[in-house]
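# Commentary on secondary and tertiary structure
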Amino acid sequence: MDDAEVDDVSAAAYGLFGRDEVLRSLHRTLLEGGSVVVTGEPGLGKSSLLKVADQLAQRAAHRVLAVTPTLFDRGLPFSGLAELVAQIPKGVDRALPEPQRRALAVALRQQDSEGHEADPLAVQLAVRTLLTELCGSGSVTLIVDDLQWLDSASAASLGFAMRRLAVEAARLSVLVGTRPAAGIGTELTSGLPGPVNDIRLAPLEDWAMGQLLREHLGARWTPPMSRGVTRASGGNPFLGLMIAQAMQSDLSQWWWNPHDGSDPVFPVPPSLAEILGEKVSLLPATAREVLLLVSAAGRLTVAQLAAVLDEKQLVDALDAAADWEVATVGPGAVVGFTHPMLASAIYDAASPAERRRAHKVLADLIGDPVERARHRARTVTTPLESVAEELERAAETSRSRGAQALAGELWEAAARATPGEGRAAFGRWFAAIDCYLAAGDGLAAQAVIDSSLVTLTLSGEEQAELAVRRIALTDDVAVARSLAEEALAVAPVGTAVRPRLQHLLGSVERLQGEGRRAMEMSGAAVEEAAAMGLDEVRLAALSGRLSAERHWGTGDVESTLGDIDRLAITMGLDARSAELAWIRGFHARWDDPDAETYVRRGIAAAIESGRYGDLSGLYTALVVVLVRASRILDAQLALAEADRAGAWAPSQGQQEHIVRIFVQEYAGNLDEARELARNAANDPEIRASTYWRAAFLAQLGFVEASARNWQAAIEPLREVAAIFERTGMVDLEQLLWAVDYADAALQLGETADVERAIAVLRRQGEAGHPEALAAADRCQALLTASRGEVDAALHDLVEVVDRRGLECPFEAARSRLALGQVYRRAGYKAIATETLGTAAEAFDELGIPRWAERARHDAGRVGLHPSSGGLTETERRVSELVASGHSNQETAAELFISVKTVEANLTRIYRKLAVRSRTELANRLNNPGSGEPSAD
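We now turn to the structure provided with this report. The structure presented is a predicted model; accordingly, all values stated were derived computationally and were not measured. (Residues numbered from 1 in each chain as written. Predicted model: local features only at pLDDT ≥ 70, side-chain atom pairs only at ≥ 80, totals over all residues. Heavy atoms only, no water.)

### Some points on the packing of aromatic side chains
The tally for this structure, following the rule as stated, stands at 13 aromatic pairs. Where Trp737 meets Tyr741, the ring centres are 6.3 Å apart and the plane angle is 25 degrees; that geometry is what we call stacked. Of this pair, Trp737 and Tyr741 both sit in helix α38 (residues 737-748), 4 residues apart, which is roughly one turn of the helix. Judged by its relative accessible area of 2%, Trp737 falls in the buried class. Exposure remark for Tyr741: the relative accessible area of 0% places this residue in the buried category. With 6.2 Å between their ring centres and 70 degrees between their planes, Tyr823 and Tyr828 make a pair best called edge-to-face. With a relative accessible area of 12%, Tyr823 lands in the buried category. Judged by its relative accessible area of 41%, Tyr828 is partly exposed. One aromatic cluster in this structure is built from Tyr666, Phe702, Phe810, Phe843 and Trp851. Over the aromatic face of Tyr691 sits the side chain of Arg510, whose NZ or CZ is 5.6 Å from the ring centroid. (Phe/Tyr/Trp six-rings, centres within 6.5 Å; stacked < 30°, edge-to-face > 60°. Helix = DSSP H or I, 4+ residues; strand = E, 2+ residues; numbered from the N terminus. Buried < 20%, exposed > 50% of the residue type's maximum accessible area, 1.4 Å probe, protein only. Lys NZ or Arg CZ within 6 Å of the ring centre and 35° of its normal.)

### Overview of helix α48 (residues 918-926)
Within the span of α48, buried status applies to Glu920, Leu921 and Ala922. Its buried side turned inward, α48 meets α45 (873-883) and α47 (899-913). (Contact = heavy atoms within 4.5 Å.)

### Quick notes on the sheet that holds strand β4 (residues 172-178)
With respect to topology, 5 strands assemble into an open sheet ordered β2-β3-β4-β1-β5, the strand pairing being parallel. Each edge of the open sheet carries a strand with a single partner, namely β2 (63-67) and β5 (196-200). This sheet shows a mean twist of 10 degrees between the axes of neighbouring strands, independent of strand direction. Contacts from helix α6 (residues 120-136) reach β2, β3 (140-144) and β4, with the element oriented near 150 degrees to β2. (Pairing = 2+ DSSP bridges. Axes fitted to C-alpha atoms, helices over the stretch in contact; angles between N-to-C directions.)

### Focus on the nonpolar core
Grouped together as the largest cluster of nonpolar side chains are 182 residues, with contacts concentrated most on Leu188 and Trp737. By residue number, the principal contributor to this core is helix α36 (residues 690-706), which donates 11 residues. Setting aside its immediate chain neighbours within four residues, Trp737 contacts Ala698, Leu717, Val720, Ala721, Phe724 and Val760. The next biggest cluster of nonpolar side chains, apart from the first, holds 36 residues, and it includes Met242, Val290, Leu305 and Ala321. (Core = buried A, V, L, I, M, F, W, Y, C linked by side-chain atoms within 4.5 Å.)

### Some details on the packing of helix α9 (residues 206-217) against helix α10 (residues 223-233)
Where α9 meets α10, the closest approach of the two axes is 8 Å, and the angle between their N-to-C directions is 110 degrees. In terms of their interaxial angle, α9 and α10 are classed as roughly perpendicular. Residues Asp206, Met209, Gly210, Leu213 and Arg214 of α9 pack against Pro223, Ser226, Arg227, Val229, Thr230 and Ser233 of α10. Broken down by class, the residue content of the contact of α9 with α10 amounts to 4 nonpolar, 4 polar and 3 charged. (Parallel < 35°, antiparallel > 145°, perpendicular 65-115°, else oblique. Nonpolar A, V, L, I, M, F, W, Y, C, P; charged D, E, K, R; others polar.)

### Concerning the pairing of β3
In terms of burial, β3 is largely enclosed, as 5 of its 5 residues are buried. Bridge count between β3 and β4: 5 bridges; the pairing is parallel. Bridging across to β4, Val140 finds its partner in Leu172.

### Some details on a negative patch on the surface
There is a patch of like negative charges on the surface, built from Asp475, Asp476, Asp683 and Glu685. Mapped onto the secondary structure, Glu685 falls in helix α35 (residues 684-687). Taking the relative accessible area as the measure of exposure, Glu685 reaches 32% and is therefore partly exposed. (Patch = residues over 30% accessible without salt bridge, like charges linked within 9 Å, V, L, I, M, F, W, Y side chains within 5 Å. Areas by Shrake-Rupley, 256 points an atom, 1.4 Å probe, with all protein chains shown as cover. Salt bridge = Lys/Arg side-chain N within 4 Å of Asp/Glu carboxyl O. Lys, Arg positive; Asp, Glu negative; His and termini not counted. Charge placed at Lys NZ, Arg CZ, Asp CG, Glu CD.)

### Some points on the environment of Glu665
Within the secondary structure layout, Glu665 lies in helix α33 (residues 653-667). We classify Glu665 as buried; its relative accessible area is 2%. Residues Glu665 and Ile848 lie 183 residues apart in sequence; the distance between their C-alpha atoms is 8.5 Å.

Read these as layout, nothing more, since geometry by itself doesn't imply function.
Set out below in structure tokens:
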């Protein structure tokens with residue numbers, strides 16, 4: 001972009017002074033893409049700058065989407081999103097999948113929820129789809145002014161959509177105006193497209209204030225006069241204009257002699273609130289009454305006001321508001337304030353009784369149940385059950401629309417409006433906490449507990465219910481265990497909270513490596529949930545018991561799976577349900593032919609029904625299934641598919657990290673995988689969990705082994721070994737991490753560590769994982785070779801390699817790599833080169849380049865280098881078998897390679913030998929002295 005094009009923009013041409021640099025930054029972002037966040041105190045001109053940017057964007061033929069929330073929009077679900085969607089051309093929504101279309105319609109009050117909650121993730125995905133479609137047809141500029149008043153549901157939807165948006169950089173520019181307070185709008189700002197330019201507006205300098213005053217109020221505002229206004233206002237342009245307008249009536253009383261060298265002293269309060277209050281006080285009382293309704297509602301049309309006001313009163317009020325430049329009637333006959341701060345000034349200037357009367361009028365006028373309930377709550381000063389019930393209905397409505405955070409606020413208001421401390425009040429407090437938790441706002445949930453529930457007298461059951469929510473809020477596993485144990489001690493027998501607590505405690509014990517206690521608690525949860533008919537709790541507890549049985553090699557896995565299947569039938573769940581699809585996929589063996597099908601059906605069902613919240617777990621299971629089967633290229637595609645689908649909920653960060661590490665490490669992106677694994681392993685929350693710590697350390701060990709950083713590999717793997725010894729675990733989600741441990745130890749000559757690793761693998765094999773036994777035999781053979789017993793090692797390794805189908809393709813290639821390494825050690829150069837080459841080709845075909853490099857590196861150390869024009873050992877073997885009449889499939893089986901590898905070798909053989917067919921190849925090999933190949 002030409003810099004002159006940016007420099008050509010003059011702020012003064014738009015009535016802005018002292019803002020040229022800021023406006024140039026906004027203009028550059030409009031043309032190049034990215035984001036600008038303009039932060040400033042009230043009155044510094046954020047809104048004026050964004051209005052000019054709007055004009056510049058339209059001049060550049062951008063589609064502009066502008067969201068301008070008001071103070072009272074903060075409590076309305078998706079009010080900002082509704083304003084944005086109203087500006088999107090009709091027909092764009094045809095790109096929305098039906099679940100997203102339905103969720104968005106419910107969120108925006110265009111369709112009834114029909115008793116089903118809108119999935120917040122479905123709404124967010126719908127916003128992303130709409131923005132993607134718009135950016136696909138041209139440049140889009142999104143402007144959000146007064147971010148501090150944007151409702152949390154809209155902020156979260158926009159933030160998610162922009163964070164996951166995949167469009168050309170210059171196609172989207174985002175301009176945001178906000179106030180300087182910590183935590184404002186982080187749901188949106190965390191997802192802004194880069195580069196992000198943060199601009200903090202500074203007060204105006206004297207010359208700029210002077211130009212502003214002369215532009216608006218006339219030439220008599222000379223530099224000395226305007227300098228005094230700058231001082232009195234602190235350089236705030238809005239406040240400066242207010243001060244100057246207050247002086248206009250009698251400027252002479254502030255006149256002074258400029259020759260004495262002093263600035264004027266203005267007897268006008270410099271406080272912006274006082275200035276605005278004075279301006280508002282000059283309005284007629286009837287105008288203030290009308291504008292109080294507008295400020296309390298946030299937005300009202302002339303028609304809405306006419307429904308509750310006398311026509312003459314309304315006309316006179318609007319005329320006075322326009323004369324005093326306080327409010328005007330804009331597009332759509334909406335009454336709007338000339339500056340948002342004037343709305344606050346009107347509301348603040350009213351007495352409490354006047355505000356209550358205004359909210360009563362609005363409660364009778366507004367049709368939306370959520371907005372009506374919020375106004376009704378402001379009409380009373382003491383708890384009232386009828387108001388609490390209306391707030392409760394509004395909370396349910398908000399939750400059904402997918403606005404969980406606002407539902408939490410409404411439940412909290414309902415609890416405060418409830419007389420006494422009965423079960424109704426407690427139920428509403430707990431509902432508020434649950435909504436905040438569902439919205440991911442742990443701080444709000446904790447605030448409810450700290451400010452309200454700690455002072456109330458709770459029964460044993462209520463204490464236990466509160467503990468369940470406290471457990472959900474803590475990142476400290478030890479604290480979670482303590483809370484669960486204390487709650488279980490006071491929870492009355494026969495109450496529904498007991499099996500929930502037992503399940504939670506079983507999960508915590510499993511994460512802490514306490515296998516016996518995990519089994520005990522999960523089993524108790526299964527029994528008590530079954531006795532009370534709590535099928536969902538029972539299913540979750542059975543899944544937890546299955547995990548514990550896998551990790552410690554105890555219990556009866558097949559029996560537990562049978563219990564799950566029978567319960568699923570009772571619950572009416574089919575194989576496509578997220579719960580069953582995850583269980584059948586995540587816990588499947590590497591060679592289970594149905595595992596991928598189970599999970600993909602679950603994903604399809606989740607998307608079809610709009611249950612996008614289920615996708616995190618399902619895509620985790622899918623990537624795990626594919627990686628276990630050594631289908632790395634497919635795993636990469638699945639991860640990209642998950643990203644496009646918006647699968648990764650913030651609460652599932654650990655699962656997302658695990659699958660990203662899986663894909664990156666196998667694909668050879670070791671730096672990215674290493675950083676992810678290290679950061680995760682050192683996260684305080686992860687360090688407190690034995691299970692997660694072991695999982696990320698095992699991944700880190702594999703990364704370093706793949707990079708052949710042996711010392712860096714052995715250290716985390718030793719810690720994993722120590723965890724297994726301390727806890728008695730025998731399996732960690734079928735990871736063969738002990739192979740990497742043995743590999744690193746062999747390279748470093750640490751014999752004791754090799755034996756320790758082999759013992760882990762044998763215990764894992766005995767627990768029902770035969771591939772672990774094959775890996776143990778391979779590691780034992782390598783240890784035997786390191787001790788000089790090469791022939792015995794070769795015998796054992798050949799036997800391992802011949803056990804086709806026992807190991808997953810990656811581990812089978814590692815076994816062939818090990819065999820080639822021992823052939824090289826034994827001095828069998830030709831077969832070592834061939835075997836290592838075959839291993840390299842297998843790794844290549846699987847999409848695991850770092851291990852292919854390792855195999856070729858080892859082949860290079862053999863010292864047998866075929867001439868560049870001749871056939872490699874593998875090519876020679878392929879040509880001989882094909883020439884003797886073997887099919888490609890038979891050749892592949894004979895050489896333990898894939899058909900694709902045979903075909904690739906044949907292509908190279910034909911080129912090197914200048915033959916065109918299998919017949920020519922046979923003739924050439926049978927008659928090596930012949931000249932031109934014969935015709936087929």
